[in-house]
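What the coordinates show
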Amino acid sequence: MAQARLMDGTALARRVVEDAARKAADLTARTGGAPCLATVLVGEDPASVTYVRMKQNRCRRAGVASRHVALPATTTTAELVGILRELSADPGVHGILLQHPVGDHVDERAAFEAIAPEKDVDGVTFASFATMSFGLPGFVSCTPGGILRLLDEYGVDPAGKRAVVVGRSAILGKPVGMLLLARDATVTYCHSRTRDLSAAVREADIVVAAVGRPRLIRGQDIKPGAVVIDAGYNPGNVGDVDFDSAVERASLITPVPGGVGPMTIATLLEQTVDAAARQLGA
Ligand code: NAP
């Protein structure tokens, strides 16, 4: 069988960002104010600092303003909730991103729920999860939203397909499964207590790996012709799928890096511009 075709997230993300930048410029010209994303970071975890900086840089290049709130690691839940409520009420801020993780002593769910749903451009609130699950208008979690966009770009219609999602985190596994279900896939979730992961993966027309374990999913378990989405990002640019063996069996596969990763920030930018357009009535 021929090798799988690569799903180029870098190229698609570039187009999504270019489109968002055009909409941002148009909005700025018509309303006099640029869309603005507030980024909130608690503590100085090096990976989180890098992620937030990447998001701010990408915003700047797309004509989206960003306002950064850097908080000490000692910030309490009440203080963080207070700041997020202020940003939610601030008409100059259109989207809010609270960088995960916030530290064990903070109630992250309480903090997320302090974000106004109309500014939840990272799709982390209960309200966003509900609208996403029902297929209603609202903001989606960015990585899952980016994954669905990739499937659409490559002509993969989830309807009627067997989708196996490996991982059930609140930001990735669960929402991507709900999005696939809303698009009429038959969805199976696997997780650390799944008894026979290989058997489940072998049934899948679409595999989404969202685990954080390098090369956990092996090519021998990929059904010939399946679509393989690797959201994993492990040290050394290694995904959750064993790419070299999976590429021999799949019909489409995301590389790591350059597959799912770039779609996350692109979706964030797109949703920030959409949020600004709705709030500015433009
Ligand atoms: P997470 O919160 O640690 O969740 C991992 C999930 O994998 C859990 O549901 C866990 O099951 C499951 N799991 C762990 N070991 C397993 C095993 N041996 N077999 C089957 N399932 C297993 O991780 P996450 O935040 O969802 O991230 C997952 C991966 O995606 C990471 O590599 C992360 O870097 C990457 N990621 C990428 C992006 C991007 O933009 N590209 C964004 C977010 C995350 P339990 O629920 O039972 O514990």
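Residues numbered from 1 in each chain as written. Predicted model: local features only at pLDDT ≥ 70, side-chain atom pairs only at ≥ 80, totals over all residues. Heavy atoms only, no water.

**Some words on the overall build of the chain**
Condition: Each helix is a run of DSSP H or I of at least 4 residues and each strand a run of E of at least 2, with the numbering of both proceeding from the N terminus. To get the radius of gyration, use the C-alpha atoms; to get the globule rule, take the number of residues to the power 0.38 and multiply by 2.2 Å. Only protein chains enter the accessibility calculation, which uses a 1.4 Å probe; a residue is then buried when its area is under 20% of its type maximum, exposed when over 50%, and partly exposed in between.
When its secondary structure is counted, the chain shows 10 helices and nine strands. Whereas a compact globule of 282 residues would reach a radius of gyration of roughly 19 Å, the chain reaches 19 Å, a difference of no more than 12%. When its C-alpha atoms are laid out on the principal axes, the chain stretches across 55 × 40 × 35 Å. For the chain, the proportion of its 282 residues judged to be buried stands at 49%.

**Focus on a positive patch on the surface**
Rule in force here: Exposure above 30% relative accessible area and the lack of any salt bridge qualify a residue for a patch; like charges then connect within 9 Å, and the nonpolar side chains Val, Leu, Ile, Met, Phe, Trp and Tyr within 5 Å. Each accessible area is a Shrake-Rupley result for a 1.4 Å probe, and residues are judged covered by the shown protein chains and nothing else. Basic side-chain nitrogens of Lys or Arg form a salt bridge, by our definition, when they fall within 4 Å of a carboxyl oxygen of Asp or Glu. Charge assignment in this entry is limited to Lys and Arg as positive and Asp and Glu as negative, and neither His nor the chain termini are counted. Where a charge lies is defined by one atom per residue type: Lys uses NZ, Arg uses CZ, Asp uses CG and Glu uses CD.
On the surface, a cluster of positive charge is contributed by Arg168, Lys174, Arg193 and Arg195. Along the chain, Arg168 turns up in the loop between strand 5 (162–166) and helix 7 (173–182). The class of Arg168 is partly exposed, set by a relative accessible area of 40%.

**What about the environment of Ala199?**
Examined against the element boundaries, Ala199 turns out to sit in helix 8 (residues 197–202). Between the C-alpha atom of Ala199 and that of Asp221, which follows or precedes it by 22 residues, the distance is 7.5 Å.

**Things to note about the pairing of strand 7 (residues 206–209)**
For a regular strand, the rule is simple: side chains alternate between the two faces of the sheet. Here is the rule: Two strands are counted as paired when DSSP detects at least two bridges linking them.
Here strand 7 shows no split at all, with Ile206 and Val208 on one side and Val207 and Ala209 on the other all buried. Two elements, strand 5 and strand 7, share four bridges in a ladder whose sense is parallel. Across the sheet, the residue bridging to Val164 is Val207, located in strand 7. Examined bridge by bridge, strand 7 and strand 8 (residues 227–230) share four bridges and lie parallel to one another. Counted as the bridge partner of Val208 is Ile229 from strand 8.

**Describing the sheet that holds strand 9 (residues 252–253)**
To keep it simple, the criterion reads: We call two residues in contact when some of their heavy atoms are within 4.5 Å. Here an angle of 0 to 180 degrees is reported between the N-to-C directions of two axes, which are lines fitted to C-alpha atoms, with helices fitted over the stretch in contact.
Strand order in the open sheet formed by six strands is 1-9-8-7-5-6, and the pairing between neighbours is parallel. Unpaired on one side and paired on the other, strand 1 (5–6) and strand 6 (186–190) mark the two borders of the sheet. Each of strand 5, strand 6 and strand 7 touches helix 7; the most contacted strand, strand 6, lies at about 170 degrees to it.

**Some points on a nonpolar patch on the surface**
Residues Tyr51, Met54 and Tyr233 make up a contiguous nonpolar surface patch of about 320 Å² in total accessible area. Mapped onto the secondary structure, Tyr233 falls in the loop between strand 8 and helix 9 (243–246).

**Details of the side chain of Thr254**
Definition in use: Here a polar contact means two N or O atoms within 3.5 Å. Within protein one must be a hydrogen donor candidate and the other an acceptor candidate, and residues neighboring in sequence count only if both atoms are side-chain atoms.
With respect to the helices and strands, Thr254 occurs in the loop between strand 9 and helix 10 (261–279). Of the residues examined, Thr254 reaches a relative accessible area of 1% and is grouped as buried. A distance of 2.8 Å separates the side chain of Thr254 from the backbone nitrogen of Asp230, its partner in a polar contact. Contacts of Thr254, omitting those with residues within four sequence positions, involve Met7, Leu150, Val228, Ile229, Asp230, Phe243, Gly259 and Val260.

**Some words on the UniProt feature "domain: Tetrahydrofolate dehydrogenase/cyclohydrolase catalytic" (unreviewed entry) in the chain**
Defined as follows: UniProt positions are given in the numbering used here, feature names are shortened, and annotations may be inferred rather than shown by experiment.
Under the UniProt annotation, the feature "domain: Tetrahydrofolate dehydrogenase/cyclohydrolase catalytic" (unreviewed entry) is placed at residues 7–122. Within the segment residues 7–122, helix and strand shares are 50% and 16% respectively, and the terminal C-alpha atoms sit 23 Å apart.

**With respect to the site of the ligand**
Stated formally: Residues are classed as near a molecule or strand on a simple rule: at least one heavy atom within 4 Å of it.
Around the ligand sit 21 residues in total, of which Arg168, Ser169, Ser192, Tyr233 and Thr264 are the nearest. Between the ligand and Ser192, the relevant distance is 2.5 Å, taken from an oxygen atom to a side-chain nitrogen or oxygen of the residue. Coverage of the ligand by the protein amounts to 69% of the 930 Å² it exposes when considered alone.

**What to know about unusual backbone geometry**
Put simply, His100 and Pro101 share a cis peptide bond, and its omega is 0 degrees. Relative to the helices and strands, Pro101 resides in the loop between strand 4 (95–98) and helix 4 (108–113). Here the bond from Val256 into Pro257 is cis, since omega is 0 degrees, no more than 30 degrees from zero. Residue placement: Pro257 occurs in the loop between strand 9 and helix 10. Backbone geometry places Arg215, a non-glycine residue, at a positive phi of 55 degrees. Within the element layout of this structure, Arg215 appears in the loop between strand 7 and strand 8. You will see that Asn237, though not glycine, has its phi angle at about 60 degrees, which is positive. Note that Asn237 resides in the loop between strand 8 and helix 9. What makes Asn237 partly exposed here is its relative accessible area of 38%.

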